[in-house]
Amino acid sequence: MNYPSIARLSILGQSLEKRNIYALKISDHPGQREDEPRLALLGCHHAREWISVEVPLQIAAYLLKNYARDERIKTIVDSSEIWLVPLINPDGLDYSIINYRLWRKNRRLNLDGSFGVDLNRNYSFAWGIDDSGSSPHPASETYRGRQPFSEPETRAIRDLFQQVNFSAAISYHSFSASILYPWSYADLPAEQEPLFQQLAADMARLMSEVNGRIYYTGRAASSLYLTNGDFIDWVYAFFNIPAFTIELPPVDLQEGGFFNSEQDIQSLTAENLPAVIYLLEWAISTDSNQDKSLKLERKNQLEKAPGNGLKNKRK
Ligand SMILES: [Zn+2]
């Protein structure tokens with residue numbers, strides 16, 4: 001399947017084991033930089049969460065296939081950019097497929113001889129602020145790495161966000177059925193929590209209409225457990241945009257945990273699609289309501305945003 005007029009594939013960087021980390025941009029005039037709102041959809045920070053690769057990939061396929069025959073999809077694609085990075089952790093996924101199904105981290109050889117950094121603890125905001133949200137021990141499942149952005153996989157995402165001005169982001173994980181928003185590092189309300197709450201509730205309502213499944217919505221820190229140095233906190237802290245973790249079903253270990261059935265791919269794509277469309281339409285309408293000076297202000301902020309280092313701009 002090729003859609004050169006509305007899609008462009010690029011390589012963001014390479015993993016430790018030199019696998020490409022791909023980004024697919026979907027928009028009209030994909031080779032041009034247009035002044036349009038942008039949504040990022042990410043998958044597979046964690047290797048064993050295979051479904052988090054499939055759902056964004058199938059959402060991309062849906063948008064491409066339906067562009068020519070669905071007026072609503074055409075309008076969205078024409079007036080925004082959708083950036084998909086469905087496989088942030090290709091080395092870990094490969095290891096999970098071939099060697100050990102429950103592998104979670106990347107494949108960094110640590111100084112103590114253990115392997116792996118938890119990529120969703122390696123971003124720079126509130127990195128390592130305590131040891132309950134991440135671990136300083138290399139052998140731990142939630143090892144945060146030696147420093148923020150120590151890993152080429154998270155650096156690829158950092159560089160993308162510094163180059164492209166996003167309006168919102170979703171990072172897919174599994175398992176449970178939930179839509180989580182900042183903060184993750186501490187059980188504190190984000191300044192824009194009312195907006196996040198509303199967006200998450202609207203997405204969950206639209207999703208429940210597809211298969212009847214209810215996604216829990218809430219602040220990440222009070223929903224799952226504390227995580228520091230994660231993607232959504234970093235995105236919100238440095239770019240001031242809504243960022244969600246969507247934990248895909250099944251809901252618990254008894255229903256399969258990290259193991260999804262083949263049929264889940266279609267049913268979970270179907271129920272996640274309305275959330276993506278909703279967030280895109282929200283970004284498009286918000287963007288057109290913003291006057292140019294606000295946009296310029298955002299652009300300047302973006303150019304100044306360090307996105308790395310230990311400058312924790314806590315809110
Ligand atoms: Zn995960």
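Residues numbered from 1 in each chain as written. Predicted model: local features only at pLDDT ≥ 70, side-chain atom pairs only at ≥ 80, totals over all residues.

Undergrad: Help me understand the overall build of the protein, please; the structure alone is not making it clear to me.
TA: A count of helical and extended segments in the protein gives nine helices and eight strands. Sorting the 315 residues of the protein into buried and exposed places 49% on the buried side. Pairs at least 24 apart in sequence give 78% of the contacts found in the protein among residues at least 6 apart. (Helix = DSSP H or I, 4+ residues; strand = E, 2+ residues; numbered from the N terminus. Buried ≥ 20, exposed ≤ 12 C-beta atoms within 10 Å, placed from the backbone. Contact = placed C-beta atoms within 7 Å.)

Undergrad: Just to check I follow, could you spell out the sheet that holds strand β2 (residues 20-26) for this structure?
TA: To summarise the sheet geometry, strands pair through backbone hydrogen bonds and adopt either a parallel or an antiparallel arrangement. Strand order across the open sheet formed by eight strands is β1-β2-β4-β3-β5-β8-β6-β7, with mixed pairing between neighbours. Because the sheet does not close on itself, it has two edges, and the strands there are β1 (7-14) and β7 (216-219). Direction aside, the axes of adjacent strands within the sheet are offset by 20 degrees on average. Sheet topology places β2 next to strand β4 (residues 81-85); three bridges connect them, and they run antiparallel. Bridge pairing in β4 links L24 to L84. Strands in contact with helix α5 (residues 193-211) are β6 (178-181), β7 and β8 (243-248); relative to β6, the strand with the most contacts, it is inclined by about 165 degrees. (Pairing = 2+ DSSP bridges. Axes fitted to C-alpha atoms, helices over the stretch in contact; angles between N-to-C directions.)

Undergrad: What should I look at first to understand the environment of E81 in this one?
TA: Residue placement: E81 occurs in strand β4. The spacing of E81 and Q32 is 49 residues in sequence and 11 Å in space, taken between C-alpha atoms. Residues contacting E81, with those up to four places away along its chain left out, are K25, S27, E36 and R38.

Undergrad: Sorry, what's going on with the environment of Q290 here?
TA: Relative to the elements of secondary structure, Q290 occurs in the loop between α8 (262-289) and α9 (292-304). Look at Q290 and you get partly exposed, because 14 C-beta atoms sit within 10 Å. Between the alpha carbons of Q290 and R108 there is a distance of 43 Å; along the sequence they are 182 residues apart.

Undergrad: Honestly, the nonpolar core in this entry has me stumped. Any pointers?
TA: Where a protein is soluble and globular, its nonpolar side chains tend to be buried together. With 83 residues, the main nonpolar core has L39, L41, V85, A169, V235, F244 and L279 as its most contacted residues. Excluding its chain neighbours within four sequence positions, the residues that come into contact with L41 are P56, I59, I82, L84, I170 and V276. (Core = buried A, V, L, I, M, F, W, Y, C linked by C-beta atoms within 7 Å.)

Undergrad: Would you take a moment to explain the confidence of the model for the protein for this structure?
TA: Close inspection of predicted coordinates is inappropriate for parts of the model with low pLDDT. Looking at the protein as a whole, its pLDDT mean stands at 92, while 92% of the residues score no less than 70. When the criterion is pLDDT under 50, residues 305-315 qualifies, and its contacts beyond four places in sequence or with other chains add up to 23 contacts. (pLDDT = per-residue confidence, 0-100.)

Undergrad: Sorry if this is basic, but what is going on with the packing of helix α1 (residues 51-66) against α8 here?
TA: Helix-helix packing: each pair is described by the crossing angle between the helix axes and the interaxial distance. Following both chains from N to C, one finds α1 and α8 inclined at 65 degrees, their axes separated by 9 Å at the closest point. The handedness of the crossing between α1 and α8 is right-handed. Across the interface between the two elements, I51, E54, V55, Q58, I59 and Y62 from α1 touch D264, I265, L268, T269, N272, L273 and V276 from α8. Looking at the contact of α1 with α8 residue by residue, the class counts come to eight nonpolar, three polar and two charged. (Left-handed = near helix turned anticlockwise from the far one by under 90°. Nonpolar A, V, L, I, M, F, W, Y, C, P; charged D, E, K, R; others polar.)

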